[in-house]
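Next come the chains, spelled out residue by residue.
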Amino acid sequence: MKTKREAIVVEQFHYDCESETVKPKTDVQVHVNEVTATGEGADAMMAKGKIFQFSVPFKVVLQGFSVSGKITQIVQLLGFKGTPDDISAEEMQKLSRPLVEYIETLTYQVTAVALDKGVQLDFRPEEANDGAE
């Protein structure tokens, strides 16, 4: 699927120290909302395909630290006229992957400074890792 992507926006990113005894938890969600272009040229833009805001709120708790926040991106699906429900799970994963990679990168960079060693997260869809993360 061809896309036109706006810049990824880090709306929130929060790091906290946690007890070494804290129970690990991973909660990464993908929300998709249709948006409409406004202003000059909006009709021509909308004729090229639907526009969606991908939003990834997350909370990851590991031994020693937690990170949480929200990453978003506006994506136009060129030639697509359907709804988010019409996007296959595989395509949804591909469309949201750059946002998830941002969480992985930010976490690595922040923990490299805060803990003097970067922690590499590796998020995969639940069906690919049987829910283990």
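Residues numbered from 1 in each chain as written. Predicted model: local features only at pLDDT ≥ 70, side-chain atom pairs only at ≥ 80, totals over all residues. Heavy atoms only, no water.

## A look at the packing of aromatic side chains
For the coordinates displayed, the defined rule picks out three aromatic pairs. Between the aromatic rings of phenylalanine 13 and phenylalanine 58, the centroid separation amounts to 6.1 Å while the plane-to-plane angle is 40°, which identifies the pairing as tilted. Taken together, the positions of phenylalanine 13 in strand β2 (residues 9–17) and phenylalanine 58 in strand β5 (residues 49–62) put the pair 45 residues apart, joining distant regions of the chain. For phenylalanine 13, a relative accessible area of 25% puts it in the partly exposed group. You can call phenylalanine 58 buried: its relative accessible area is 5%. (Phe/Tyr/Trp six-rings, centres within 6.5 Å; stacked < 30°, edge-to-face > 60°. Helix = DSSP H or I, 4+ residues; strand = E, 2+ residues; numbered from the N terminus. Buried < 20%, exposed > 50% of the residue type's maximum accessible area, 1.4 Å probe, protein only.)

## Some remarks on the confidence of the model for the chain
For the chain, the mean per-residue pLDDT works out to 91, and 93% of the residues sit at or above 70. In this model residues 128–133 is a low-confidence stretch, pLDDT under 50, and it forms six contacts with partners more than four residues away in sequence or in other chains. (pLDDT = per-residue confidence, 0-100. Contact = heavy atoms within 4.5 Å.)

## Some details on unusual backbone geometry
Backbone geometry at aspartate 116 places phi at a positive 65°, although glycine is not the residue there. With respect to the helices and strands, the residue aspartate 116 is situated in the loop between α2 (89–114) and α3 (126–129).

## A closer look at the nonpolar core
In this structure, Phe54, Ile71 and Leu77 are the most contacted members of the largest nonpolar core, which totals 24 residues. Put simply, the parts of the chain that give this core at least two residues each are β5, β6 (65–78) and α2. The dominant element in this core, judged by the number of residues it contributes, is α2, at six residues. For leucine 77, the residues in contact, after removing those within four places along its chain, are Met1, Lys2, Thr3, Lys48, Gly49, Lys50, Phe52, Ile87 and Leu95. (Core = buried A, V, L, I, M, F, W, Y, C linked by side-chain atoms within 4.5 Å.)

## Some thoughts on α2
The α-helix winds at 3.6 residues per turn, so residues separated by three or four positions along the chain end up facing the same way. The end-to-end C-alpha distance of α2 is 35 Å, a good match for the 38 Å that 26 residues give at a rise of 1.5 Å each. A bend of about 45° at arginine 97 is the largest found in α2, and the proline proline 98 appears one to four places after it. Along α2, the residues that are buried comprise Glu91, Met92, Leu95, Ser96, Leu99, Val100, Ile103, Glu104, Leu106, Thr107 and Thr111. The inward-facing, buried residues of α2 abut β1 (3–5), β2, β4 (31–35), β5 and β6. (Expected span 1.5 Å × (residues − 1). Bend = angle between axes of the 7 residues up to and from the residue.)

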